[in-house]
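Geometric and topological summary
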Protein chains: 2
Amino acid sequence: MEKCSKCGETTLIRSGFIRGKQRFFCKSCESYITIPNPNQPPSKKPHQTTIIDIAKVLGVSPSTVSRALNDSSEINEFTRQEIIRVAQELDYRPNLLAQSLNRGQTHTIGVVIPDIQRPFFAGVLAGIQEVASSAGYRVMICQSNESHSTEILNVQALVSSQIDGLLISHSIETNSFEHLKLHFNRGLPIVHFDRICNEIDTSKVIQEDFNGAFQLVEHLIEQGCKRIAICAGPPDLLISRTRFEGYKAALEKHGLSFDESLVHHTGFKAGESLVGLESWLALPEPPDGIFAVHHANAVEMMVELKQRKIKIPKQIALVGFGDDQIASLIEPPLTVFHLFPFKIGATAAKMLINQIVEKEQSPTSQVTIQGELRVRSSSLRKN
Amino acid sequence: MEKCSKCGETTLIRSGFIRGKQRFFCKSCESYITIPNPNQPPSKKPHQTTIIDIAKVLGVSPSTVSRALNDSSEINEFTRQEIIRVAQELDYRPNLLAQSLNRGQTHTIGVVIPDIQRPFFAGVLAGIQEVASSAGYRVMICQSNESHSTEILNVQALVSSQIDGLLISHSIETNSFEHLKLHFNRGLPIVHFDRICNEIDTSKVIQEDFNGAFQLVEHLIEQGCKRIAICAGPPDLLISRTRFEGYKAALEKHGLSFDESLVHHTGFKAGESLVGLESWLALPEPPDGIFAVHHANAVEMMVELKQRKIKIPKQIALVGFGDDQIASLIEPPLTVFHLFPFKIGATAAKMLINQIVEKEQSPTSQVTIQGELRVRSSSLRKN
DNA sequence: TTCGTTACCGAAAACGTTGCCGATAGTTTA
DNA sequence: TAAACTATCGGCAACGTTTTCGGTAACGAA
């Protein structure tokens, strides 16, 4: 008969199984015991050194180590030096998880964008990274892939990761913003950029969507275009609508009539613009100028026009929105309204971090990053 | 005279200041007291609901809530349903920090790349994101900006963040790998891609650097080129050297002599290739073919050649490494050896995650992602 | 009855840090 | 020469979660 490991008596009786192991009950000391597993293979997980390790080496308390490492004033200079020395010897790295859990902030900002691979967003990211990392913040990036549901999941994942703030440019599909409102109301700092949302009172960074479109179209008109088509974006998207407004305003200013048949909407996907192009070219009176709201659309239309042996800009002048390396390299070089993605990202990150550190409900602001009309030969019809 | 808050006696004597507040010593109960700050403004930080909140609502213990939420078997079905109901009502989100701290893993992988904005790396990132997020992993991205010291900081930051594994493509400057060895030896799963390092026994994902270069150069030779120049990369970088070897092997195979004056090294920075081009054109016998190891170099040389009215490919044929949208759009379209960045990223992420979940020191492997020769008119001299 | 069993659940100890509070030796002041 | 003070340090709770261990009620079997 086994003996009780506590009182030593042999008054053990079986008492069922628990988690696969036989359990006993000792009637003397009235307690339950299980036979402990003797050979617990010490999982040997590689141990990161902690402040407790340092404390043990020096015979001080963890608090003291923490104070030394955080430049507290309540610590002896000699002790601090010793602690720092040992910390270096043991290659101590603070566990940011524990730190964040304790302090209640992670020094991490979340970013939700539709697609990393688009040069515009890659540029924005670079700007965000630059500002964030020089301010001591880490960045966690999620792609929505232009899907509303993915965007919601992204936001949830980031919030669960306890981000200190959120930068977001909405997906094309996104038309409801409850997933943001909730966290915004709970006090999560949020800054919108590019594809903003006006239903929530966040700070925003936008480009000159209206102005840019206006300038591009006006430029076409000045070059003598009379029938200007627009390859517009998704109608749900705010920036699409704004650029569309800019287009109409320019037409109106110069007394050109708006023609519904010269409007084609796309979803920013490859090839979608060609449908519109096709229909325009079939018109009894085809356009003599095309304004593409999305950069990639302009490029693919140019390729198509060249294949059809249509002279650019003689027969049709072409302008695009948003620059790319491609615009200047393609033949003929494309006239664009250049945005500054890096600056957009940097500005948004700066605003967000300000909001995070100031805590105050500082009034939300809206900043517009200036763009720049870059005229190239795809639109130069004079001379 | 103040009364001691513990024994009620008035045997208080002053005992110095501590953190700005007067301190007293009670001779009766022999203890120190300070006057407590009466009005501690309750900071009202917006409270995320925790399992404790849920536990309180239902009058159960936090353990039970945790069990319910983690699909433990040791829980009553009804209790579980109730807990899940309340959790939804309170919009409970698990605090991933606490979870990670407890479990010892973060479900986060770190990525270090030289530059987000290069289409190649953007593509890799997209592949990583895709695989990681569908496996339930988050991704933390750092840019080294081609700087060794930044890369070291990146790695440290990621390790401090307790990442479960690391994907890295080294910076140009990186020639020592101590910052990785340390963590690798401690058991951090690491997978190299693209710019790998052979000093550490990590798993690696590479492209066909040798083969690609070989095929490109062989293609030039088949097109009749006799003097083929190479715009090589940084000599320290392994992939540069490998591509250079491929170049030399192709020359050798076809009995062409290697000419040192036809070699120019760049650091992958804008404009650097033009110096080499200049010197080549000044040669008594200029090259009739150019192989650019870096995509951007090929593009900028093409622009320069066109400006100098040199016919491509008639006078000089041009081929590049690594595709881009630009290659097909530029005039003339550029022959390249196309890499598949998305696949590289996806593969690397898959390997890393396998390594993480298997824990075992599974033998490290090295995978080569097949490339593809894409012949375009920049190199077609026959027809 | 009394033992053996199952099905649950709670308490408490982790995880690594920080910050509040209290304690003490030594020093200065009255 | 006690009182007041300074400079340091240790203890402990807290952050939110998981997990181990032990306890109890209810039920079946001997």
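Scroll up to find the structure this text is about.
Read on for a plain summary of the structure. (Residues numbered from 1 in each chain as written. Chains lettered and ligands numbered in written order. Predicted model: local features only at pLDDT ≥ 70, side-chain atom pairs only at ≥ 80, totals over all residues. Heavy atoms only, no water.)

Here the focus is the packing of helix 1 (residues 51-58) of chain A against helix 3 (residues 77-89) of chain A. Residue and element names in this part refer to chain A. The geometry of helix 1 relative to helix 3 is characterised by a closest axis approach of 10 Å and an angle of 120° between their N-to-C directions. As summarised for this structure, helix 1 and helix 3 are arranged oblique, according to the angle between their axes. Handedness of the helix 1/helix 3 crossing: right-handed. From helix 1, I54, V57 and L58 reach across to helix 3, where they touch E82, I83, V86 and A87. Partitioning the contact of helix 1 with helix 3 into residue classes produces six nonpolar, no polar and one charged. (Axes fitted to C-alpha atoms, helices over the stretch in contact; angles between N-to-C directions. Helix = DSSP H or I, 4+ residues; strand = E, 2+ residues; numbered from the N terminus. Parallel < 35°, antiparallel > 145°, perpendicular 65-115°, else oblique. Left-handed = near helix turned anticlockwise from the far one by under 90°. Contact = heavy atoms within 4.5 Å. Nonpolar A, V, L, I, M, F, W, Y, C, P; charged D, E, K, R; others polar.)

Between chain A and chain B, the residue contacts involve 47 residues of the former and 46 residues of the latter. Of the roughly 4200 Å² buried between chain A and chain B on both sides combined, carbon and sulfur atoms contribute 56%. A per-residue breakdown of the area chain A buries against chain B is headed by L97(A), R186(A) and L329(A), which together make up 16% of the total. One can count four salt bridges joining chain A with chain B. Here E331(A) ties to K306(B) by a salt bridge, and the two come within 3.2 Å at their closest N and O atoms. When contributions to the side of chain A that touches chain B are tallied by element, the ones reaching two or more residues are helix 4 (96-103), helix 5 (119-134), strand 5 (138-143), helix 6 (148-160), helix 11 (295-307) and helix 12 (325-329) of chain A. Per-class residue counts for the side of chain A that touches chain B are 23 nonpolar, 16 polar and eight charged. (Buried area = accessible area lost by both parts, 1.4 Å probe. Salt bridge = Lys/Arg side-chain N within 4 Å of Asp/Glu carboxyl O.)

Turning next to empty space enclosed by the protein. In this structure the tally under the stated criterion is one cavity of 30 Å³ or more. The computed volume of the largest cavity comes to approximately 230 Å³. What lines the largest cavity is a set of 17 residues, and nearest its centre among them are L97(A), M140(A), S161(A), L97(B) and M140(B). Looking at the lining of the largest cavity, the elements with two or more residues in it are helix 4 and strand 5 of chain A together with helix 4 (96-103) and strand 5 (138-143) of chain B. (1 Å grid on protein atoms, 1.4 Å probe; cavity = no way out; pocket = protein on both sides within 12 Å on 5 of 7 lines; lining within 4 Å. Points joined across faces, edges and corners; volume = space filled by probe spheres on them.)

What follows deals with the relation of the copies chain A and chain B. In the superposition of chain A on chain B (RMSD 0.3 Å, axial shift 0.1 Å), the rotation amounts to 180°. This pairing of chains is accounted for by a two-fold axis. When the interface residues of chain A are mapped onto chain B, 98% of them are again interface residues, pointing to one common binding face. (Least-squares fit on C-alpha atoms with pLDDT ≥ 70 in both.)

Attention now goes to the protein's contact with DNA strand C. The environment of DNA strand C is made up of 40 residues, and the closest members are I51(A), Y92(A), N102(A), R23(B) and T64(B). Contact between DNA strand C and S63(A): a base oxygen at 3.2 Å from a side-chain N or O atom of the residue. Within the contact set of DNA strand C, a phosphate oxygen lies 2.9 Å away from a backbone nitrogen or oxygen of N76(B). Where the surface near DNA strand C is concerned, the elements lending two or more residues are strand 1 (12-18), strand 2 (21-26), helix 2 (62-69) and helix 4 of chain A together with strand 3 (31-34), helix 2 (62-69) and helix 4 of chain B. (Near = heavy atom within 4 Å. Polar contact = N/O pair within 3.5 Å; in protein donor to acceptor, adjacent residues only side chain to side chain.)

Let us now look at the pairing of strand 1 of chain A. Residues and elements named next belong to chain A. Of the strand pairs in this sheet, strand 1 and strand 2 are connected by five bridges, and their pairing is antiparallel. Bridge pairing in strand 2 places L12 opposite C26. Between strand 1 and strand 2, which follow one another and run antiparallel, lie two residues, and R19 among them has a positive phi close to 50°. (Pairing = 2+ DSSP bridges.)

Take the pairing of strand 13 (residues 335-338) of chain B next. All names here are of chain B. Where burial is concerned, the two faces of strand 13 agree: the one with T335 and F337 and the one with V336 and H338 are both buried. By the bridge criterion, three bridges tie strand 13 to strand 15 (residues 372-374) in an arrangement that is antiparallel. Following the sheet pairing, H338 is matched in strand 15 by E372. (Buried < 20%, exposed > 50% of the residue type's maximum accessible area, 1.4 Å probe, protein only.)

Moving on to the side chain of H148(B). Residues and elements named next belong to chain B. Following the sequence through the fold, H148 ends up in helix 6 (residues 148-160). When its relative accessible area of 18% is taken as the criterion, H148 is described as buried. Ignoring sequence-local partners within four residues, the contact set of H148 consists of S171, E173, T174, N175, S176 and H179.

Attention now moves to unusual backbone geometry. Here the bond from E331(A) into P332(A) is cis, since omega is -5°, no more than 30 degrees from zero. Within the fold, P332(A) resides in the loop between helix 12 and strand 13 (335-338). The omega torsion across I312(B) and P313(B) is 0°, close enough to zero to call that bond cis. As for its placement among the helices and strands, P313(B) is situated in the loop between helix 11 (295-307) and strand 12 (317-321). Not every positive phi belongs to a glycine, and D91(A) is a case in point at roughly 50°. With respect to the helices, strands and loops of the structure, D91(A) is situated in the loop between helix 3 and helix 4. What makes D91(A) buried here is its relative accessible area of 15%. A positive phi angle is found at K309(B), which is not glycine, with a value near 60°. Summarising the element assignment, K309(B) is placed in the loop between helix 11 and strand 12.

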